[in-house]
Amino acid sequence: MILIPVFLSFVYKINEDLQELTDYNQQNISGPVTLEGTVRNHEGEKLEGIIVKIKEVNGNIREYISEIDGYFSFSDIVPGENPIIKLTGDKGTGHISLNRENINSSLMLKYPVLTEVIIFHNNDNHFNFNFVEEIKEKIDNTRDLNPNVFFLNAGDIFINNPGRWAQPDDLEWYQSQSVSTINEMNKLGYDALTVGNHDVQPFANHTFEALIKAEFPLLAANLEIKSGILPEFKPYVLLNTEEKYTLAVLGLSQCDFNGINVLDPFLTAEKYSHLSENNIFIALSHLGIEDDIELARAINDLDLIVGGHSHTLLCEPLLIDNTMIVQAGTGGKIQNNDNPAYLGMVTIILENGIPLSKEAVVFKFTRIGSVVCICEDIDFVGFSDYFRLEIIIILLIFLIGVICKKFLFK
Ligand SMILES: [Zn+2]
């Protein structure tokens with residue numbers, strides 16, 4: 001199937017006065033209002049002979065007229081104040097979003113046969129938000145070109161101690177780092193965070209006080225707060241594209257803090273699998289790469305798993321059936337301005353809201369700039385790989401010991 005990305009750029013022409021158009025879609029409208037537009041391709045070139053008119057007769061009744069060198073038909077798919085109209089014809093199928101706010105100014109109605117959704121992601125920053133200005137610039141530049149750009153974090157934004165892992169001291173350091181981390185994340189414009197095990201291990205009241213400053217939803221569908229010393233987490237968040245397609249982002253996490261009841265993440269994902277209906281279904285997971293693979297096998301309807309916890313740098317995404325798994329390494333366990341920062345980018349092309357293709361890359365930011373990670377450059381190292389390495393070293397030492405004992409120290 002050859003897909004032609006076609007956009008309708010409507011220049012509005014109103015037959016009656018503006019007041020009637022402002023009352024658009026209300027029952028008391030009388031008299032016709034016509035929006036007229038020409039069809040343009042993705043490069044903005046006018047496609048000759050194609051004109052579409054949408055005529056408002058009264059209230060919710062619309063009449064669609066096409067002066068097209070082919071066949072087109074229209075149907076309402078989302079009625080209401082900003083209706084979305086489906087247009088089907090021999091040049092493809094797409095949706096027209098009638099954005100009411102634009103009606104009195106310059107009306108630009110798009111007809112996206114194809115919609116590009118971009119999801120930036122990172123994980124396990126552990127207070128180590130290096131190269132934040134460079135990352136912000138990259139995301140902002142992408143947002144300038146595309147209204148459907150989202151930014152997710154798969155957890156463990158905090159850490160307990162700068163030099164050691166999980167040492168509950170230095171509360172003053174923790175307090176300033178946790179607050180500045182949330183402030184940085186607010187500036188970066190995150191759309192959601194799944195809280196990691198380090199983010200839900202409370203230190204005095206500082207964890208609570210930092211987390212409540214977040215201007216983005218905190219997710220964890222399988223964590224139930226018993227203690228009240230942490231903010232409540234949401235199970236999922238719905239993010240909308242400009243054309244009102246929805247990304248349902250489900251948070252799954254883990255922790256060993258006894259103020260939290262941890263539910264089985266796989267059963268929890270199953271419970272929320274209805275979110276896949278009519279939505280792009282994404283798990284924002286702090287379960288680690290091995291559980292993410294299991295999750296992809298268990299829940300077939302997941303379009304994407306954005307992972308964390310195992311610090312796995314997937315320079316190429318994993319594909320399990322139709323589910324793509326991505327993860328973008330770590331910001332580093334110990335704060336160091338020279339640590340590289342990783343930023344994952346997933347591009348999903350939708351055809352009328354349904355994923356048509358998915359691609360993913362990871363950018364590595366260092367002092368000399370940012371590059372796309374390629375597999376040859378990267379050690380695929382997660383927790384489990386460290387453990388395997390340790391076991392191999394112990395076995396080698398044991399073997400050398402045995403050989404020495406047998407042959408040298410007889
Ligand atoms: Zn973790």
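Above this text is the structure in question.
Everything in this summary refers to the structure shown in the same document. (Residues numbered from 1 in each chain as written. Predicted model: local features only at pLDDT ≥ 70, side-chain atom pairs only at ≥ 80, totals over all residues.)

**Some thoughts on the overall build of the protein**
Consideration 1: Within the protein one finds 7 helices and 22 strands.
Consideration 2: Across the protein, the fraction of contacts at a sequence separation of at least 24, relative to all contacts at a separation of at least 6, is 61%. (Helix = DSSP H or I, 4+ residues; strand = E, 2+ residues; numbered from the N terminus. Contact = placed C-beta atoms within 7 Å.)

**Quick notes on the sheet that holds strand β14 (residues 246-252)**
Consideration 1: Judged by pairing direction, the sheet is mixed, and its 6 strands sit side by side in the order β13-β14-β16-β17-β19-β18 without closing on themselves. Strands at the two margins of the open sheet, each flanked by one partner only, are β13 (236-240) and β18 (318-320). Neighbouring strand axes in the sheet, compared pairwise and without regard to direction, differ in orientation by 20° on average.
Consideration 2: Where helix α6 (residues 289-298) meets the sheet, its contacts fall on β16 (279-285), β17 (304-307), β18 and β19 (323-326), and the angle it forms with β17 comes to roughly 165°. (Pairing = 2+ DSSP bridges. Axes fitted to C-alpha atoms, helices over the stretch in contact; angles between N-to-C directions.)

**Thoughts on helix α3 (residues 171-188)**
Consideration 1: Compared with an ideal rise of 1.5 Å per residue, which puts 18 residues at 26 Å, α3 spans 26 Å between its outermost C-alpha atoms and is within 8% of the ideal.
Consideration 2: If you check which residues of α3 are buried, you get Tyr174, Gln177, Ser178, Thr181, Ile182 and Met185. Looking straight down α3, one finds its buried side chains confined to an arc of 130°; they lie on one side.
Consideration 3: The elements touched by buried residues of α3 are α4 (206-211).
Consideration 4: Directly beyond the C-terminal end of α3, a positive phi value near 75° is found at Gly189. (Expected span 1.5 Å × (residues − 1). Buried ≥ 20, exposed ≤ 12 C-beta atoms within 10 Å, placed from the backbone. Arc of directions from axis to C-beta.)

**Description of the environment of Tyr190**
Consideration 1: Mapped onto the fold, Tyr190 is located in the loop between α3 and β10 (192-194).
Consideration 2: Along the sequence, Tyr190 and His121 sit 69 residues apart, while their C-alpha atoms lie 9.1 Å from each other.
Consideration 3: Once you skip the residues sitting within four places of it in the chain, Tyr190 turns out to touch Phe151, Asn153, Met185 and Phe216.

**Thoughts on α6**
Consideration 1: Of all the residues in α6, the buried ones are Ile289, Asp291, Asp292, Leu295 and Ala296. Projection of α6 onto a plane perpendicular to its axis shows the buried side chains occupying an angular sector of 155°, all on one side.
Consideration 2: Against the buried residues of α6 lie α5 (265-271), β16, β17, β18 and β19.

**With respect to the pairing of strand β21 (residues 354-366)**
Consideration 1: The sheet contact formed by strand β20 (residues 341-351) and β21 spans 11 bridges and is antiparallel. Along β21, the bridge assignment pairs Met345 with Val361.
Consideration 2: Strand direction decides the pairing type here: β21 and strand β22 (residues 369-372), joined by 4 bridges, are antiparallel. Paired with Phe365 across the bridge in β22 is Ser370.
Consideration 3: Following β21, the chain reverses through 2 residues before pairing antiparallel with β22.

**What to know about the environment of Ile320**
Consideration 1: Structurally, Ile320 can be placed in strand β18.
Consideration 2: As a C-alpha pair, Ile320 and Leu295 span 25 residues in sequence and 9.7 Å in three-dimensional space.
Consideration 3: When sequence neighbours within four positions are dropped, the list of residues in contact with Ile320 reads Ile293, Ala296, Arg297 and Ile325.

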